[in-house]
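Spelled out from the first residue to the last, the chains are:
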Amino acid sequence: MNGVSALPDALDDALEESLGRFPVPELTRNVSALIRQYREGFDRSVPALGSEAAVAAYAGYRMPATCSAVAAALRQVALLAPGFAPRTHADVGGGTGSAVWAANAVWPGLTDVTVLEQSASAIAFGRRLAARSPAAAVREARWRQTVLDRGTAAPAADLVTMSYVLGELSPAVRDDVVRSLALESARHAGMLVIIEPGTPAGYAGIAAARRLLAGAGLHIVAPCPHDGECPIREGQDWCHFAVRLNRSALHRRVKDGTLSFEDEKFSYVAASARPWPRAESRVVRHPLKRKGLVTLRLCTTGDGLADHPVSKRQGEVYREARDVVWGDAWPPPAV
């Protein structure tokens, strides 16, 4: 997942303007409260985004990273399935709209977007941001206030996304929500993509969702090269990837940070009712590069996790291995 990610210019400008309506100390206090919630767990009896200031703080603190992570995951899907050209998109638990902007950046041909979100404040904030988009599908997205529970089903859509939501659902309904999305995706032969933080807990949620999706008969498209059990042993490691993103000056102030960039780690799974092409294997760690030798840690179809050495004597294959990065398919898909 190469390079440094940047927000769409319109979203960057809209965030700067929207956050500028609040004093920075107020945003910083709300960011600190959100950080405590992420570290200690969410009190599900209290809305996490219950006030306008809390929503603005969330957008400043998390939206750049979430949008970048979702876009990185969707680009991997687009690379593997160039024939997948969604026109409709449903985002479940959409917050302030990160996935809507990310999906439009990857597939600008989208024409119809629906966002399901519980918080009225988040919906209002997301609509204000979306109004600044040059893309009609983003500006005209339908936002529906919806509580995610066992009966929740996404609208019929070519693309269904759910990002950074599983960890905020109660364990009692989490599997049922994933199952309902899987069944909807199976009916319409679309693509379902679920993204979570790249932590052991986030990956555990993705691994559980992956088992449910495969069990429902869907084909795993990415990042896995197969539909079988994950070869990573629980408690020893976890499957995750990373994207680097630029921080604006206001973003740094809100997060009380000094670096001009940050690395967002994420886990994801993409599944579809139809068998799209997928990677022969996936690079699951930073490649180890020595003079004349690159060693790739791969998740493979038949050998589980394997270290794959590529030497300079292999010519073009070696040059490709020098350019490949953590999270890429191996060998690189033909473009």
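Note on numbering: residues in each chain are counted from 1, in written sequence order. Local features in this predicted model are restricted to residues of pLDDT 70 or higher, and side-chain atom pairs are both shown and tallied only at a pLDDT of 80 or more, whereas totals for entire chains, interfaces and linings draw on every residue. Only heavy atoms go into the side-chain values, all of them from the structure, while hydrogens and water stay out.

### Some details on unusual backbone geometry
- The omega torsion of the bond from Ala222 to Pro223 falls at 0°, within 30 degrees of zero and hence cis.
- Structurally, Pro223 is set in the loop between β7 (219–222) and β8 (241–246).
- Along the chain, Trp330 connects to Pro331 via a cis peptide bond; the corresponding omega equals -10°. Secondary structure follows DSSP: runs of H or I at least 4 residues long count as helices, runs of E at least 2 residues long count as strands, and numbering of each begins at the N terminus.

### Regarding the pattern of salt bridges
- Just to be clear on terms, a salt bridge is a Lys or Arg side-chain nitrogen sitting within 4 Å of an Asp or Glu carboxyl oxygen. Under the criterion given, the structure shown has nine salt bridges.
- Between Arg285 and Asp237 there is a salt bridge; the shortest N-O distance is 2.5 Å. Within this pair, whereas Arg285 is found in the loop between β10 (281–283) and β11 (288–290), its partner Asp237 is found in the loop between β7 and β8, the two being separated by 48 residues in sequence.
- Buried means the residue's accessible area, taken with a 1.4 Å probe over protein chains only, is under 20% of the maximum for its type, while exposed means over 50%, and partly exposed covers the values in between. Residue Asp237 is classed as partly exposed on the basis of its relative accessible area of 29%.
- Measuring nitrogen to oxygen at the nearest pair gives 3.3 Å for the salt bridge that ties Asp307 to Arg297. Of this pair, Asp307 sits in strand β13 (residues 305–311) while Arg297 sits in strand β12 (residues 293–300), and the two are 10 residues apart along the sequence.

### Examining the packing of aromatic side chains
- When two rings of Phe, Tyr or Trp (its six-membered ring) have centres within 6.5 Å they constitute a pair, described as stacked for plane angles under 30 degrees, edge-to-face for angles over 60, and tilted for the intermediate range. Tallying each qualifying case throughout the model produces five aromatic pairs.
- Ring centres 5.7 Å apart and planes at 75° place the aromatic pair Phe84 and Trp276 in the edge-to-face group. In this pair, Phe84 sits in the loop between α3 (52–80) and β2 (88–92) while Trp276 sits in the loop between β9 (261–272) and β10, placing the two residues 192 residues apart along the sequence. Taken as a pair, Phe84 and Trp276 share a single burial class, namely buried.
- For the ring pair Phe241 and Phe266, a centre distance of 6.3 Å and an interplane angle of 50° mean the geometry is tilted. Remark: Phe266 occurs in strand β9 and Phe241 occurs in strand β8; sequence separation between them is 25 residues.

### Brief notes about the domain arrangement of the chain
- Boundaries between domains were set according to an automatic or database domain assignment. What the domain assignment lists for the chain is domain 1 (9–272) and domain 2 (281–330).
- A quick way to say it: buried area is the sum, across both parts, of accessible area lost when two parts are put together, with a 1.4 Å probe. For the domain 1 and domain 2 pair, buried surface summed over both sides reaches about 1100 Å², with 61% attributable to carbon and sulfur atoms.
- Contact with domain 2 buries area across many residues of domain 1, yet Pro225, Pro231 and Phe241 alone supply 40% of it, more than any other trio.
- For the side of domain 1 that touches domain 2, the secondary-structure elements that each account for two or more residues are α3 and β8.
- The classification used treats Ala, Val, Leu, Ile, Met, Phe, Trp, Tyr, Cys and Pro as nonpolar, Asp, Glu, Lys and Arg as charged, and all other residues, Gly among them, as polar. Classifying every residue of the side of domain 1 that touches domain 2 gives 10 nonpolar, three polar and one charged.

### Notes on the environment of Arg29
- Structurally, the position occupied by Arg29 is in helix α2 (residues 24–40).
- Along the chain, Arg29 and Leu218 lie 189 residues apart, while their C-alpha atoms are 43 Å from each other.

### Thoughts on the side chain of Ser98
- Relative to the helices and strands, Ser98 resides in helix α4 (residues 98–106).
- Working rule for contacts: check all heavy atoms of both residues, and any pair within 4.5 Å makes them a contact. With residues up to four places along the chain from it excluded, the contact list for Ser98 reads Met63, Thr66 and Cys67.

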